[in-house]
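# Coordinate analysis (summary)
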Amino acid sequence: MTKPCALLKIALGSDHAGFELKEWLKRRLTEEGYECFDFGTDSTQSCDYPDFSFAVANAVVSGRCQTGIVICGTGIGSSIAANKVRGARCALCWNEYTARMARNHNDANILALGARVIGLELAWEIVKVWLETPFSGQERHKRRLNKISAFENLESNLEAS
Ligand code: RB5
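The following paragraphs examine the structure supplied in this document. Keep in mind that what you see is a predicted model, and the values were worked out from it rather than measured. (Residues numbered from 1 in each chain as written. Predicted model: local features only at pLDDT ≥ 70, side-chain atom pairs only at ≥ 80, totals over all residues. Heavy atoms only, no water.)

### Description of the pattern of salt bridges
Applicable threshold: The term salt bridge refers to a side-chain nitrogen of Lys or Arg lying within 4 Å of a carboxyl oxygen of Asp or Glu. Exposed residues in this analysis have more than 50% of their type's maximum accessible area, buried residues have under 20%, and partly exposed residues fall in between, with area computed by a 1.4 Å probe over protein chains only.
Applying the stated criterion across every chain yields a total of nine salt bridges. Between Arg103 and Asp107 there is a salt bridge whose closest N-O contact spans 3.1 Å. Here Arg103 falls in the buried class, since its relative accessible area comes to 3%. One connected set of salt bridges, linked through shared partners, spans Lys22, Glu23, Lys26 and Asp38.

Here is the structure:
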């Protein structure tokens, strides 16, 4: 996320449980000048969170969007799925502190939210912190992230996928 915040392209995705929060966040983010790309779902009809998490994660790791938000009931399934996409660093955040640390220490590129866990206003506070917090770039954090990337790109892991 190197652009000024208001120029960020944000990928959004949710299952049925996260649909209303996704729509609400999309409206608020758009009002604030962010460009939102909605990867679904488009109703509260029961559906499968991996479909939307994979789409959001692919949009982020490919560079089409600078960051992403995935939402399901707990945020757990969405984050597990997003983290299966190589290059995704999806963090399930439930307050401002976890959002700040996820960006500052982990350079997380996808935010997962649990729509049945947090309310609308808390979700908005988390998203604002997420968008406004840069990666610290500190050596120790880079070293740890490099270890994760190296593991993810091990020849043996690539062959298995
Ligand atoms: C859907 O009922 C629910 O399981 C899903 O939204 C999510 O919480 C899964 O992790």
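More follows now that the structure is in view.
### Re the site of the ligand
Filter applied, for reference: For this purpose, a residue is taken to be near a molecule or strand whenever a single non-hydrogen atom of the residue falls within 4 Å of it. Two N or O atoms count as a polar contact when they lie within 3.5 Å, although within protein this holds only if one can serve as hydrogen donor and the other as acceptor, and sequence-adjacent residues are included solely when both atoms are side-chain atoms. A 1.4 Å probe and the Shrake-Rupley method give the accessible areas. Residues count as covered only by the protein chains that appear here.
The immediate surroundings of the ligand are formed by Asp15, His16, Ala17, Tyr49, Cys72, Gly73, Thr74, Gly77 and Arg116. At 2.6 Å from an oxygen atom of the ligand is found a side-chain nitrogen or oxygen belonging to Asp15. Within the backbone of Thr74, an N or O atom sits 2.9 Å from an oxygen atom of the ligand. Its free accessible area being 290 Å², the ligand has 70% of it covered by the protein chains.

### Some points on the pairing of strand S2 (residues 35-38)
Successive residues of a regular strand alternate their side chains across the two faces of the sheet. The criterion, for reference: Should DSSP find at least two bridges between two strands, the strands are regarded as paired. Only DSSP runs of H or I with at least four residues qualify as helices, and only runs of E with at least two residues qualify as strands; both kinds are numbered from the N terminus onward. Looking down the strands as they point away from you, a crossover is right-handed if its path from the first strand over the helix to the second goes clockwise.
Bridge count for strand S1 (residues 9-14) against S2 is four bridges, and the pairing is parallel. Paired with Ile10 across the bridge in S2 is Cys36. Between S1 and its parallel partner S2, the chain crosses via helix H1 (residues 19-31), and the hand of that crossover is right-handed.

### Points about helix H2 (residues 49-61)
Rules: Multiply 1.5 Å by the residue count of a helix minus one, and that product is the helix's expected span. The arc in question is the one traced by the directions running from the helix axis out to the C-beta atoms. Whether two residues are in contact is decided by their heavy atoms: any pair within 4.5 Å suffices.
Given a rise of 1.5 Å per residue, 13 residues ought to cover 18 Å, and the 18 Å separating the end C-alpha atoms of H2 matches this to within 8%. Listed in full, the buried residues belonging to H2 are Phe52, Ser53, Val56, Ala57, Ala59 and Val60. End-on view of H2: buried residues confined to an arc of 160 degrees, all on one side of the axis. On its buried face, H2 sits against S1, strand S3 (67-72), helix H3 (76-82) and strand S5 (110-114). Positive backbone phi, approximately 90 degrees, marks Gly63, located one or two places after H2.

### What to know about the packing of aromatic side chains
Selection rule: Ring pairs are drawn from Phe, Tyr and Trp, using the six-membered ring of Trp, whenever the two centres fall within 6.5 Å, and their geometry is named by plane angle: stacked under 30 degrees, edge-to-face over 60, tilted for the rest. Geometrically, a lysine NZ or arginine CZ counts as sitting over a ring once it is within 6 Å of the ring centre and also within 35 degrees of the ring normal.
Taken as a whole and judged by the stated rule, the model has zero aromatic pairs. Taking the ring centre of Trp130 as reference, the NZ or CZ of Arg103 above it sits at 6.0 Å.

### Points about the pairing of S5
Among the five residues in S5, five count as buried, and that is most of the element. Side chains Ile110, Ala112 and Gly114 project from S5 onto one buried face, and the interleaved Leu111 and Leu113 project onto a second face that is buried too. Here S3 runs beside S5; their pairing, made up of five bridges, is parallel. Residue pairing across strands places Ile69 opposite Leu111, the latter belonging to S5. Inspection of the sheet shows strand S4 (residues 90-92) paired to S5 by three bridges, in the parallel sense. The partner of Leu92 across the bridge, within S5, is Ala112. Note on the crossover from S4 through helix H4 (residues 96-104) to S5: the handedness is right-handed.

### Describing a positive patch on the surface
Our working definition: Nonpolar side chains (Val, Leu, Ile, Met, Phe, Trp, Tyr) are joined into patches within 5 Å and like charges within 9 Å, using only residues with over 30% relative accessible area and no salt bridge. Charged-residue counts in this description rest on Lys and Arg as positive and Asp and Glu as negative, His and the chain ends being excluded. For charged residues, the charge sits on one atom: NZ in Lys, CZ in Arg, CG in Asp, CD in Glu.
On the surface, Arg140, Arg143, Arg144 and Lys147 cluster together into a patch of positive charge. Within the secondary structure, Lys147 sits in helix H6 (residues 139-152). Residue Lys147 is classed as exposed on the basis of its relative accessible area of 58%.

### Digging into the side chain of Thr133
Along the chain, the position of Thr133 falls in the loop between helix H5 (120-132) and H6. Looking at Thr133, its side chain comes within polar contact range of the main-chain oxygen of Val129, at 2.6 Å. Those residues in contact with Thr133 that sit more than four places away from it in its chain are Arg100, Arg103 and Asn104.

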